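# Examining the three-dimensional arrangement
Next come the chains, spelled out residue by residue.
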Amino acid sequence: MPTASFAARRGQLETYFDRTASAAWIALTSDVKVSGVRATVRAGRDRMRETLLSWLPDDLTGQSVLDCGCGTGALAIACAARGATVTAIDVAPNLIAIAQSRSAETPAAARIDFRVGDMLSPTLGAFDHIVLMDSLIHYELGDVVDALAALRARARASILFTIAPRTPALALMHVAGRLFPKADRAPAIVPIAPDRLAGAIAQDRRLDGFALARQTRIASGFYTSQAIELAPA
Ligand SMILES: C[S@@+](CC[C@H](N)C(=O)[O-])C[C@H]1O[C@@H](n2cnc3c(N)ncnc32)[C@H](O)[C@@H]1O
């Protein structure tokens, strides 16, 4: 059962990604021209996706991947192209519709099962790799650790995820973000101190058997995100 804070935040994210910012998100994840600030975010996100993909085996034939909060589907499509069987789930139905139409030209996309729903649903089953690119960045530390613990029971080889690392520069940017009119704002990103997360993971018995492995921070203009690998110890 998700906590009340997880469920409340998931509801806000559904509204935001499915309605408020759906068009902006679809544009950001396409190759149409965007403003300078968004172009830096797009470039950072492209690097982040490449980083996460580089941590997966080159040949994913016979392996299963769960793409949690898949958005418009770029990572899921790349995994399928490498041979994986993919379940790609997002709480925003609009984004899943875009992901399906963007994947239509890719024969490998026949191996992608697109779903609308909660990425933590236990009915999704178990996977070799579970990837959450920027899907946990809006959740509080406790909810992030709970999510990782729930997914750990369903991951065989790795969980790859990202956090918005708490740094002084990022804190300033979030203050600046609050100057924008409320209606234009995304649900707040929750910066998390990497050391606090590492401590919480090490102490959580539900995560026994898995440990932090590779980590890389990517900073590009207004985009700063830290990729983290959780893998069998
Ligand atoms: C910042 S976007 C990233 C999308 C995609 N992973 C990417 O990098 O392009 C976060 C996505 O996570 C989805 N999301 C957040 N919480 C979720 C949940 N509990 N279950 C399913 N999707 C969720 C949102 O709807 C949104 O599409």
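Per-chain numbering applies: the sequence of each chain, read as written, is numbered from 1 onward. Predicted model: local features are reported for residues with pLDDT of at least 70 only, side-chain atom pairs are reported and counted for 80 or more only, and whole-chain, interface and lining totals are derived from all residues. With hydrogens and water excluded, all non-hydrogen atoms of the structure serve as input to the side-chain values.

### Concerning unusual backbone geometry
Of note, D134 is a non-glycine position whose phi angle comes to about 55°, a positive value. With respect to the secondary-structure elements, D134 resides in the loop between β4 (127-132) and α6 (141-152). Elements are defined by DSSP. Helices are runs of H or I of four residues or more, strands are runs of E of two residues or more, and each kind is numbered from the N terminus.

### Looking at the pattern of salt bridges
What makes a salt bridge here is a side-chain nitrogen of Lys or Arg within 4 Å of a carboxyl oxygen of Asp or Glu, nothing more. In this structure the tally under the stated criterion is ten salt bridges. A salt bridge links D134 to R45; the nearest nitrogen and oxygen atoms lie 3.4 Å apart. Of this pair, D134 sits in the loop between β4 and α6 while R45 is found in helix α3 (residues 36-54), placing the two residues 89 residues apart along the sequence. Take D134 and R45: they sit in the same class, and that class is buried. In this structure, the salt-bridge partner of R115 is D113, at a minimum N-O distance of 2.9 Å. For each residue, the accessible area found with a 1.4 Å probe, counting protein chains only, is set against the maximum for its type, and the residue is called buried under 20%, exposed over 50%, and partly exposed in between.

### Re the site of the ligand
What surrounds the ligand is a group of 19 residues, the closest being R45, G69, D90, M133 and Y139. Separating a nitrogen atom of the ligand from a backbone N or O atom of G69 is a distance of 2.7 Å. Residue contributions to the shell around the ligand peak at four residues, all from helix α1 (residues 4-20). For this purpose, a residue is taken to be near a molecule or strand whenever a single non-hydrogen atom of the residue falls within 4 Å of it. Under this definition, polar contacts are N or O atom pairs within 3.5 Å; protein pairs additionally need one hydrogen-donor-capable and one acceptor-capable atom, and for neighbouring residues in sequence, both atoms have to be side-chain atoms.

### Some words on the packing of aromatic side chains
Ring pairs are drawn from Phe, Tyr and Trp, using the six-membered ring of Trp, whenever the two centres fall within 6.5 Å, and their geometry is named by plane angle: stacked under 30 degrees, edge-to-face over 60, tilted for the rest. What the rule picks out here adds up to three aromatic pairs. Pairing F6 with Y139 gives two aromatic rings, centres 4.5 Å apart and planes at 15°, and the pair type is stacked. Pair noted here: F6 is in helix α1 and Y139 is in the loop between β4 and α6, with a separation of 133 residues, a long-range link. When sorted by exposure, F6 lands in the same class as Y139, which is buried. Considering the side-chain rings of Y16 and F17, the 5.0 Å spacing of their centres and the 85° angle between planes classify their relative orientation as edge-to-face. What makes Y16 buried here is its relative accessible area of 16%. Residue classification places F17 among the buried residues on the basis of a relative accessible area of 14%.

### Overview of the sheet that holds strand β7 (residues 223-232)
Taken in spatial order, the seven strands of this open sheet run β3-β2-β1-β4-β5-β7-β6, and their pairing is mixed. The strands lining the two open edges of the sheet, one partner per strand, are β3 (112-116) and β6 (210-220). Across the sheet, the axes of successive neighbouring strands diverge by a mean angle of 15°, strand direction being ignored. Pairs of strands are assigned from DSSP output, requiring at least two bridges between the strands. Relative to β7, strand β5 (residues 155-163) is paired through five bridges, and the arrangement is antiparallel. The partner of F161 across the bridge, within β7, is I228. Whether two residues are in contact is decided by their heavy atoms, any of which lying within 4.5 Å being enough. All axes are obtained by fitting lines to C-alpha atoms, using only the stretch in contact for helices, and the reported angles, taken between N-to-C directions, cover 0 to 180 degrees. Against the sheet, helix α4 (residues 74-81) engages β1 (64-68), β2 (85-90), β3 and β4, with an angle of about 175° to β2. Together, β5, β6 and β7 form the strand contacts of helix α8 (residues 194-203), whose direction differs from that of β5 by roughly 155°.

### Side note on the packing of α3 against α4
At a minimum axis separation of 11 Å, α3 and α4 run at an interaxial angle of 35°. Crossing angle aside, the handedness with which α3 passes α4 is right-handed. On α4, the residues that touch R49, L52 and L53 of α3 are A74, L75, A78 and C79. For this classification, Asp, Glu, Lys and Arg are treated as charged, while Ala, Val, Leu, Ile, Met, Phe, Trp, Tyr, Cys and Pro are nonpolar and the rest, including Gly, are polar. For the contact of α3 with α4, the class distribution of residues is six nonpolar, no polar and one charged. In a left-handed crossing the near helix is turned counterclockwise from the far helix by less than a right angle, and in a right-handed crossing that turn is clockwise.

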